[in-house]
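Each chain, written out:
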Amino acid sequence: MPKQRKIPMRKCIVCQESTEKKALFRIVRSPEGDVSLDLTGKKNGRGAYLSKKVSCIQKAKDKNLLTRHLGVAVPDHVFDEMNTYLEAHPEDAQS
């Protein structure tokens, strides 16, 4: 009888909900200090997780939560990429 694999869980920095890693955006600060959206979940660097909710994205932007967690200023294009992703993949968006 094969063992059931453990599903990796992560916590959203905005709503503090713990969900599986695939259901969250990962934003990464690379060792060089560049900030980018990591859809693969495997880029090197310091990561922070956000729920795939428009409200969480907006709150993180308004309150500079990603800037605090990553220690560097987060450019607006990162938030735009997340919103664009949710528009293109509405089935991934959480309610």
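Residues numbered from 1 in each chain as written. Predicted model: local features only at pLDDT ≥ 70, side-chain atom pairs only at ≥ 80, totals over all residues. Heavy atoms only, no water.

Comments concerning the environment of Gly 45
- On the secondary structure map, Gly 45 appears in the loop between strand 4 (35-38) and strand 5 (46-51).
- Residues Gly 45 and Gly 33 lie twelve residues apart in sequence; the distance between their C-alpha atoms is 8.9 Å.
- Here Gly 45 is in contact with Arg 26, Val 28, Arg 29, Ser 30 and Pro 31, once residues within four sequence places are set aside. (Helix = DSSP H or I, 4+ residues; strand = E, 2+ residues; numbered from the N terminus. Contact = heavy atoms within 4.5 Å.)

Some details on the nonpolar core
- In terms of nonpolar packing, the biggest core is built from 23 residues, with Val 14, Phe 25, Ile 27, Leu 50, Leu 66 and Met 82 touching the most fellow members.
- Sorting the residues of this core by element identifies strand 3 (24-29), strand 4, strand 5, helix 1 (54-62), helix 2 (65-70) and helix 3 (76-88) as the ones contributing at least two each.
- Per-element tally for this core: the top contributor is helix 3, with five residues. (Core = buried A, V, L, I, M, F, W, Y, C linked by side-chain atoms within 4.5 Å. Buried < 20%, exposed > 50% of the residue type's maximum accessible area, 1.4 Å probe, protein only.)

Details of the packing of helix 1 against helix 3
- Where helix 1 meets helix 3, the closest approach of the two axes is 10 Å, and the angle between their N-to-C directions is 175 degrees. In terms of orientation, helix 1 lies roughly antiparallel with respect to helix 3. Across from Val 54, Ile 57, Ala 60 and Lys 61 in helix 1, the residues of helix 3 making contact are Asp 76, Phe 79, Met 82, Asn 83 and Leu 86.
- Residue composition of the contact of helix 1 with helix 3, grouped by class: six nonpolar, one polar and two charged. (Axes fitted to C-alpha atoms, helices over the stretch in contact; angles between N-to-C directions. Parallel < 35°, antiparallel > 145°, perpendicular 65-115°, else oblique. Nonpolar A, V, L, I, M, F, W, Y, C, P; charged D, E, K, R; others polar.)

Some remarks on the pattern of salt bridges
- Applying the stated criterion across every chain yields a total of two salt bridges.
- Ionic pairing is found between Glu 17 and Lys 53, a salt bridge with its closest N-O pair at 3.4 Å. Taken together, the residues span a long stretch of sequence, with Glu 17 in the loop between strand 1 (9-11) and strand 2 (18-20) and Lys 53 in the loop between strand 5 and helix 1 at a distance of 36 residues.
- Exposure remark for Glu 17: the relative accessible area of 35% places this residue in the partly exposed category.
- Since its relative accessible area comes to 14%, Lys 53 is described here as buried.
- With a shortest N-O distance of 2.8 Å, Asp 38 and Arg 26 are connected by a salt bridge. Linking Asp 38 in strand 4 with Arg 26 in strand 3, this pair joins segments that are twelve residues apart in sequence. Per residue, the accessibility class of Asp 38 equals that of Arg 26, and both read buried. (Salt bridge = Lys/Arg side-chain N within 4 Å of Asp/Glu carboxyl O.)

A closer look at the pairing of strand 3
- Of all six residues in strand 3, five are buried; the element is thus mostly enclosed.
- Both strand 3 and strand 5 contribute to a ladder of six bridges, which runs antiparallel. What sits directly across from Arg 29, in strand 5, is Arg 46. (Pairing = 2+ DSSP bridges.)

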